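# Coordinates in review
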Amino acid sequence: MEKFSNRLNRMSFSQTFVMSNKVRQMKAEGIDVISLTLGEPDFDVPKNIKEAAFAAINNNFSHYSPVPGFLDLREAICAKLKRDNNLEYNASQICVSNGAKQAIINVLASIINDGDEVILPAPYWVSYDEMVKMMGGKSVFVETSIDTEFKMTAEQLEKAITPNTKALLYSSPCNPSGSYYTYEELESIANVIAKYPQITIISDEIYEFINYEGKHTSIAEFQQVYEQTAVINGMSKAFAMTGWRIGYSACPTWLAKACEKIQGQMTSGANTMAQKASITALQTDPAEYRFMIEEFKKRRDLVFSLIKNIPGFKVNYPKAAFYFFPDISFYIGKTLNGTLIKDADDFAMFLLENAHVGTVGGVSFGNPNCIRFSYAASEKELTEAMRRIHEFLEKVEIS
Ligand code: PMP
Ligand code: GLU
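Residues numbered from 1 in each chain as written. Chains lettered and ligands numbered in written order. Predicted model: local features only at pLDDT ≥ 70, side-chain atom pairs only at ≥ 80, totals over all residues. Heavy atoms only, no water.

## Overview of the site of ligand 1
Within the structure, ligand 1 sits among 13 residues, and A100, N175, D204, Y207 and S236 are positioned closest to it. Contact distances for ligand 1 include 2.5 Å between a nitrogen atom and a side-chain N or O atom of D204. With respect to ligand 1, the side chain of S236 contributes an N or O atom lying 2.7 Å from an oxygen atom. The fraction of the free accessible surface of ligand 1 (390 Å²) that becomes covered by protein chains is 92%. With respect to the pocket detection grid, ligand 1 is positioned in the largest pocket. Examining the composition of the shell around ligand 1, we find that three residues originate from one element, helix 5 (residues 99-111), more than from any other. By residue class, the composition of the shell around ligand 1 is five nonpolar, four polar and four charged. (Near = heavy atom within 4 Å. Polar contact = N/O pair within 3.5 Å; in protein donor to acceptor, adjacent residues only side chain to side chain. Areas by Shrake-Rupley, 256 points an atom, 1.4 Å probe, with all protein chains shown as cover. 1 Å grid on protein atoms, 1.4 Å probe; cavity = no way out; pocket = protein on both sides within 12 Å on 5 of 7 lines; lining within 4 Å. Sits in = over half its atoms within 2 Å of the grid points. Helix = DSSP H or I, 4+ residues; strand = E, 2+ residues; numbered from the N terminus. Nonpolar A, V, L, I, M, F, W, Y, C, P; charged D, E, K, R; others polar.)

See below:
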């Protein structure tokens with residue numbers, strides 16, 4: 001009998017963790033590697049949030065919380081959604097999870113049957129396709145390119161819809177492209193989806209605050225799709241709380257109950273101290289944490305000034321999140337210092353082994369021509385990483 005489930009066998013390891021583990025291993029061997037692999041803020045958790053966690057421990061918030069989260073946290077999330085997104089939710093529509101990752105899985109597990117199709121505009125975040133596969137669904141990819149800032153149009157979306165389409169899943173701001181959909185673009189997407197009541201939009205807004213140019217729009221603002229939309233967000237990126245594992249979904253009532261049912265059999269309520277600290281994070285004026293965004297913006301401009309001159313790289317100017325996703329197709333199919341580069345993953349591995357800079361290849365993001373750089377690193381590391389790659393590629397023997 002086959003030892004493993006078909007579910008497991010059809011999935012891959014998360015490429016972000018594969019590459020960051022490889023970097024860790026090289027560092028342990030004493031190699032001086034710069035890691036631009038994982039997308040996580042390099043700031044410490046702000047002091048007032050930490051203090052709220054200490055207080056929660058001292059006040060003995062050490063027992064199970066309700067499965068969808070403490071009521072006061074869910075109310076704080078509703079207040080945040082009203083304040084920042086002009087969205088109306090009540091606490092029964094919120095499910096607090098172990099990170100946004102679990103929030104997305106809850107929604108997919110609630111709605112996807114074997115063979116159901118989920119539309120993923122490519123490039124997409126690495127875990128989306130794997131999560132869809134885990135649930136027995138089938139991803140349908142909508143291709144985009146650097147020339148259109150990697151954004152899908154409403155026309156492209158409509159062409160991808162079939163009678164089997166059950167969901168549309170995307171992030172805006174986008175990991176890995178750093179683009180975000182404008183109000184008008186989202187409105188046209190909403191107008192398409194509203195024609196297909198069987199489709200649920202899973203709108204991953206975890207990079208909401210890391211937007212340097214525009215105002216964030218949530219697609220749930222469009223009333224025609226409010227009943228079809230699950231908004232996903234969390235603490236990881238906005239408050240540098242990646243390890244605290246708090247994310248959430250805001251759903252129409254029919255879907256919120258389903259998420260609670262799934263989570264209640266999987267993991268129960270999320271970590272209680274982190275939940276209490278999240279209330280403080282959400283109730284603090286976002287301006288208090290703005291310094292992190294200003295810092296990311298400076299780094300974006302620094303990296304852009306350096307990366308655009310790297311031989312063979314085609315880059316756009318990302319407007320949000322903390323990633324560059326340059327097109328490196330110039331190198332694909334070529335032999336570099338004797339190594340054949342078949343796709344972007346080969347190229348990322350080649351850079352890691354030779355220039356000692358860790359990136360993530362684009363294959364698992366749905367784009368085999370690009371590689372992803374996270375610029376959630378210090379200016380010193382970023383400058384040195386760009387120098388290493390530039391100097392290495394200037395000298396590399398290409399055949
Ligand atoms: N969505 C996107 C687009 C992400 O980049 C990440 C990265 N962590 C997540 C969701 C998951 O975040 P969390 O840490 O809240 O699980
Ligand atoms: N979301 C981050 C990234 O894309 C963290 C790693 C992960 O969750 O996959 O690098």
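This is not the end of the story, as more comes after the structure.
## Overview of the site of ligand 2
Taken together, S14, T16, F17, L38, G39, K101, W125, N175, K237, Y323 and R372 form the complete shell of residues around ligand 2. Between an oxygen atom of ligand 2 and a main-chain N or O atom of G39, the distance comes to 2.7 Å. With the chains in place, 89% of the 280 Å² that ligand 2 exposes on its own is no longer accessible. The residue inventory of the shell around ligand 2, partitioned by class, reads four nonpolar, four polar and three charged.

## Let's talk about the packing of aromatic side chains
Summed over all chains, the structure comprises 23 aromatic pairs. Where F43 meets F296, the ring centres are 5.4 Å apart and the plane angle is 75°; that geometry is what we call edge-to-face. Placement of the pair is F43 in the loop between strand 1 (34-35) and helix 3 (47-58) and F296 in helix 12 (residues 290-307), with a sequence separation of 253 residues. F43 gets classed as buried once you look at its relative accessible area, which sits at 18%. Cluster of aromatic residues (ring-pair linked, three or more members): F43, Y207, F291, F296, F322 and Y323. Above the face of the Y180 ring, K151 is positioned so that its terminal group lies 5.9 Å from the ring centre. Note that K334 overlies the ring of F330, its terminal NZ or CZ placed 3.7 Å from the centroid. (Phe/Tyr/Trp six-rings, centres within 6.5 Å; stacked < 30°, edge-to-face > 60°. Buried < 20%, exposed > 50% of the residue type's maximum accessible area, 1.4 Å probe, protein only. Lys NZ or Arg CZ within 6 Å of the ring centre and 35° of its normal.)

## Some points on empty space enclosed by the protein
In this approach the atoms are scanned with a rolling probe the size of a water molecule, which exposes any empty space left behind. All told, the structure shown has three cavities of 30 Å³ or more when counted by the stated rule. If you go around the largest cavity, you meet 14 residues; those closest to its centre are P121, P123, S171, C174 and Y181. With three residues, strand 5 (residues 165-171) is the largest single contributor of residues to the lining of the largest cavity. The residue makeup of the lining of the largest cavity, split by class, is 10 nonpolar, three polar and one charged. By volume, the second largest cavity amounts to about 40 Å³. K80, I206, E208, F209, N233, G234, A238, F239, Y248 and L282 are the residues that line the second largest cavity. Classifying every residue of the lining of the second largest cavity gives six nonpolar, two polar and two charged. (Points joined across faces, edges and corners; volume = space filled by probe spheres on them.)

Without other data, these values stay purely geometric and don't point to any function.
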